[in-house]
Amino acid sequence: MTTVSQSNPPTVRATVNQRLIRPLHDFLHKEASAGMLLVGAAIVALIWANSPWSDSYFDLWATEAGIEFGSFHIDLNLKEWINDAAMVLFFFVVGLEIKRELTQGELRDPRQAALPIIGAIGGMVVPATIYAVLNAGGEGSAGWGIPMATDIAIVMGVVALLGTRAPSWLKLFLLALAIVDDVGAILVIAVFYSEGVSFQWLAVAIGAFAVAAVIRDGVSWTPAYVILGAICWLGLHEANVHPTLAGVAFGMLAPVTPRRPRTEYLDADELGVRPTPLVALSVSKRARESVSVVEWLEYKLHPYSAFIVVPIFALANAGIRVPASEFGDAMSNSVTWGVMIGLVVGKAVGISVATLTAVALKIGRLPDGVNARYVIGA
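Residues numbered from 1 in each chain as written. Predicted model: local features only at pLDDT ≥ 70, side-chain atom pairs only at ≥ 80, totals over all residues. Heavy atoms only, no water.

Draft legend 1. Layout of a negative patch on the surface. Taken together, the side chains of Glu64, Glu68, Asp75 and Glu80 make up a negatively charged region of the molecular surface. With respect to the helices and strands, the residue Asp75 is situated in strand β3 (residues 72-77). (Patch = residues over 30% accessible without salt bridge, like charges linked within 9 Å, V, L, I, M, F, W, Y side chains within 5 Å. Areas by Shrake-Rupley, 256 points an atom, 1.4 Å probe, with all protein chains shown as cover. Salt bridge = Lys/Arg side-chain N within 4 Å of Asp/Glu carboxyl O. Lys, Arg positive; Asp, Glu negative; His and termini not counted. Charge placed at Lys NZ, Arg CZ, Asp CG, Glu CD. Helix = DSSP H or I, 4+ residues; strand = E, 2+ residues; numbered from the N terminus.)

Below, the structure written as structure tokens:
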């Protein structure tokens, strides 16, 4: 028998093509190349939406597509399916990364983990306040929630373009901050802007999540969690709560400990020049189970999220028609200025001040080598 471990792999006569999982490195590396694809998709959407063929752009995303189960049916257009369903995969992968970093990575330090939460709160409160002040008593006063949101997919695409010029912790900080910001904005929409939350359907969503939490240590059958995740998504959708929260919730639920010890005993005689398919399958299964569920899922799903879901999301959402004839009226409107100043100035000021204040009060802590200049610049 031979002991197989990461630090002392066996020498076999067969040539083995090894692929190592390095979660944060792989995440940021893929994100760097995916960022270019995302920006390209956004540029195409803007050009298409303002071209002579703009009608085809808006007609495409307005295409209706529904699902029926007897008397129950869901009717959404193509853009809504992308935003509410496909983006669940993106939020799930991001939830996995945050879970891993909170338990094993840079965010294990409670004071470091507190920083993106505090920064996100500042990044929501200040923009909303700026908008409310500029539009107090006006017809657009109820729109204070608009500049609160930061689109996490676009944020990650832009941050990826920084490449190696920014430390990985700073990118992780922005990733965590954008998640908290996005979840906060979703909650604001659910509470203040929804048509009314259905607590019966919300109970269905919470129940599905609770079942998944109870069985996660004893059940490794992936379809069980897919089904429970789908039920949770449906419950949130029907409850008029943004269903992408299901992705974050189930991502954070994934186990971070391997199902099998990283040191495993194998029969060296079985690892010959031509191992049988059953032996190869057994070794593959043992290797997979020696990696945590979080790392394995992130490794497998991130390419689909980064290279398919996010670019399509950008293509569907970045196409904003900007007619020249209405540009002057828009620039003289207090709603326009409330949104622009809130997002451009309010976000930067709110996040930076909240983060650096937390550091000064010793509520939060920046990693070694990261100073105020990095925070403000990011």
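So, next bit.
Draft legend 2. Representation of the pattern of salt bridges in the model. Tallied over the entire structure, the rule returns three salt bridges. When the shortest N-O distance is used, the salt bridge between Arg321 and Asp55 registers 3.7 Å. Here Arg321, found in the loop between α11 (293-317) and α12 (324-331), pairs with Asp55, found in helix α2 (residues 54-61); they are 266 residues apart in sequence, far enough to count as distant. Using a relative accessible area of 52% as the deciding quantity, one classes Asp55 as exposed. Here Lys347 makes a salt bridge to Asp181, at a shortest N to O gap of 2.4 Å. Here Lys347 is found in helix α13 (residues 334-360), whereas its partner Asp181 is found in helix α6 (residues 168-193), with 166 residues between them in sequence. The pair formed by Lys347 and Asp181 is uniform in burial state, with each residue classed as buried. (Buried < 20%, exposed > 50% of the residue type's maximum accessible area, 1.4 Å probe, protein only.)

Draft legend 3. Highlighting unusual backbone geometry. The residue Asn240 is not glycine, and still its phi comes out positive at about 65°. With respect to the helices and strands, the residue Asn240 is situated in the loop between α8 (222-238) and α9 (245-253). Of note in the backbone geometry, Lys362 takes a positive phi value of approximately 65° without being a glycine. Within the secondary structure, Lys362 is located in the loop between α13 and α14 (372-377).

Draft legend 4. Structural detail: the confidence of the model for the protein. On average, residues of the protein carry a pLDDT of 79, and 78% of them reach 70 or more. When mean pLDDT is compared element by element in the protein, helix α7 (residues 199-215) scores highest at 93, while strand β1 (residues 2-4) scores lowest at 45. (pLDDT = per-residue confidence, 0-100.)

Draft legend 5. Examining the packing of aromatic side chains more closely. Enumeration over the complete set of coordinates arrives at seven aromatic pairs. Here Phe209 and Phe250 contribute two aromatic rings whose centre-to-centre distance is 5.8 Å and whose plane-to-plane angle is 80°, an arrangement assigned as edge-to-face. On the criterion of sequence distance, the pair formed by Phe209 in helix α7 and Phe250 in helix α9 is long-range, its members being 41 residues apart. The class for Phe209 is partly exposed, based on a relative accessible area of 28%. (Phe/Tyr/Trp six-rings, centres within 6.5 Å; stacked < 30°, edge-to-face > 60°.)

Draft legend 6. Seen up close, the side chain of Ser305. For Ser305, the location among the structural elements is in helix α11. Overall, Ser305 belongs to the buried group, its relative accessible area being 3%.

Draft legend 7. Representation of a nonpolar patch on the surface within the structure. Among the surface-exposed residues, Leu37, Tyr304, Phe307, Ile308 and Ile312 lie close enough to one another that they form a single nonpolar patch of about 450 Å² accessible area. Residue contributions to the nonpolar patch peak at four residues, all from α11. For Phe307, the position within the fold is in helix α11. Under the relative-accessibility criterion, Phe307 is labelled partly exposed at 34%.

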